[in-house]
Amino acid sequence: MRFRMLNSLKIKKVIIYCIIILIIHGCEKDSPVSGNCSTCTDDECLDFVWPGNIIFEDYITTGPQYKLPFFNPLNGDEFVYVKVDKETSTFNYELIKHVISSGQETILCNSQMIIGQPQWGEQGVIIFTVIGNKIMKINDDGSGLVQVTPNGVECLYPIFEKGGFRFFVSGTTVSVNGNYFPIFDLNGIIVDSVKYRFGNNQISYPYCSDGSMKKGYYTYADINSSPLEISFCKLNNDESILSFYKLDMPNGLGLPHAICKNDKKLFFTQFQKGLFRLNLITGSVDKISSNCQSRYINSVSISTDGNYIIYEQVKGVKTGIDQEIDEQSEIYMVNVNTCKKTKIIGE
């Protein structure tokens, strides 16, 4: 197949669903779906109640934030994360490698404004999105930092395929009909693509690989439907989408934020609803952790043995100033078999 990179300004109609999801994820906070969590083991989970007719909150952050963890795909004792620390009027971003057993940390870089979850590949390369929607890559020893995707196109939410030799991105398209997302090699060359539009149905983020993104797991929706209904599906080699689970989104709330997979189970988060486990054989779903306004999960990554998920947990507290909420991002790990949660990094 011959590929041609399209200017991002010319493909807005083609990727309207992707843009809708990105805008909603970045700008909107859902109203709570459920109240207090009776099974929480760390902090109380509650929804904020304000006097009078206040219907919105102001969100701030103070101090360092520990965000967007991702496991080493070959070693469940290591992960990378992003530390964000506000200093005067600027933010300092650090990409950090953390060893769980010893607590040892290595700063890999601190020169990029990272805006998405880093991805660690099996070739010892880490890729991540920075401001301007460009993908950077760096070796897991901190060497070789370089921009890997071309200028002038939007590349978002990278994810490695099995082996770590190439990665998939959304945000821009390839081929003359614009119905494919590109797959890059580690040199930034487009080597393949993934079809994302099937009639009115369009696959989008969040997604995870099942070895190949042509057989990956995605969310999808009919872009002409209103309200938008989102389901999970598996891609069938660019030929069709195999739908298997419709998300419960009462009144359009409960957007999926992240998914990961191991063996026959798909783990997913819904904003202010929780972290869930979907059995791909039986179709049964159980909740691992509840979300609410005062505590919710932003990103997930599963260990190579499939027993642990590491995630960013955002905890919010009232400041006492009008309707202001101070949010703190910390990193937790949960055993998916026992549901025991452990704080790894936090204040």
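Scroll up a little and you will see the structure.
Residues numbered from 1 in each chain as written. Predicted model: local features only at pLDDT ≥ 70, side-chain atom pairs only at ≥ 80, totals over all residues. Heavy atoms only, no water.

**What about the overall build of the protein chain?**
Alright, step 1. A count of helices and strands for the protein chain gives one helix and 26 strands.
Alright, step 2. Expressed as a percentage of its 347 residues, the buried residues of the protein chain come to 51%.
Alright, step 3. Pairs at least 24 residues apart make up 44% of the contacts formed inside the protein chain by residues separated by at least 6 positions. (Helix = DSSP H or I, 4+ residues; strand = E, 2+ residues; numbered from the N terminus. Buried < 20%, exposed > 50% of the residue type's maximum accessible area, 1.4 Å probe, protein only. Contact = heavy atoms within 4.5 Å.)

**Regarding the state of the cysteines**
Alright, step 1. Scanning all chains against the criterion turns up one disulfide.
Alright, step 2. Paired through a disulfide, cysteine 45 and cysteine 292 show a sulfur-sulfur distance of 2.0 Å. Handedness here is read from the sign of the S-S torsion; for cysteine 45 and cysteine 292, about -130°, the answer is left-handed. Of this pair, cysteine 45 sits in the loop between helix 1 (16-27) and strand 1 (58-60) while cysteine 292 sits in the loop between strand 22 (285-290) and strand 23 (295-302), and the two are 247 residues apart along the sequence. (Disulfide = S-S within 2.5 Å.)

**Quick notes on the pattern of salt bridges**
Alright, step 1. Under the counting rule described, the total for this entry stands at 12 salt bridges.
Alright, step 2. Between lysine 214 and aspartate 238 there is a salt bridge, with its nearest N and O atoms 2.9 Å apart. On the criterion of sequence distance, the pair formed by lysine 214 in strand 16 (residues 212-222) and aspartate 238 in the loop between strand 17 (231-236) and strand 18 (240-246) is long-range, its members being 24 residues apart.
Alright, step 3. For glutamate 330, the salt bridge goes to lysine 343, with nearest N and O atoms at 3.4 Å. Linking glutamate 330 in strand 25 (residues 324-335) with lysine 343 in strand 26 (residues 341-345), this pair joins segments that are 13 residues apart in sequence.
Alright, step 4. Here the residues in one salt-bridge network are Glu161, Arg166, Asp192, Lys214 and Asp238, joined through shared partners. (Salt bridge = Lys/Arg side-chain N within 4 Å of Asp/Glu carboxyl O.)

**Notes on the sheet that holds strand 8 (residues 134-139)**
Alright, step 1. One open sheet holds the four strands; their spatial order is 6-7-8-9, and the pairing between them is antiparallel. Every interior strand has two partners, whereas the edge strands, strand 6 (119-120) and strand 9 (146-147), have only one.
Alright, step 2. By the bridge criterion, six bridges tie strand 7 (residues 125-130) to strand 8 in an arrangement that is antiparallel. If you follow isoleucine 126 over to strand 8, its bridge partner there is isoleucine 138. (Pairing = 2+ DSSP bridges.)

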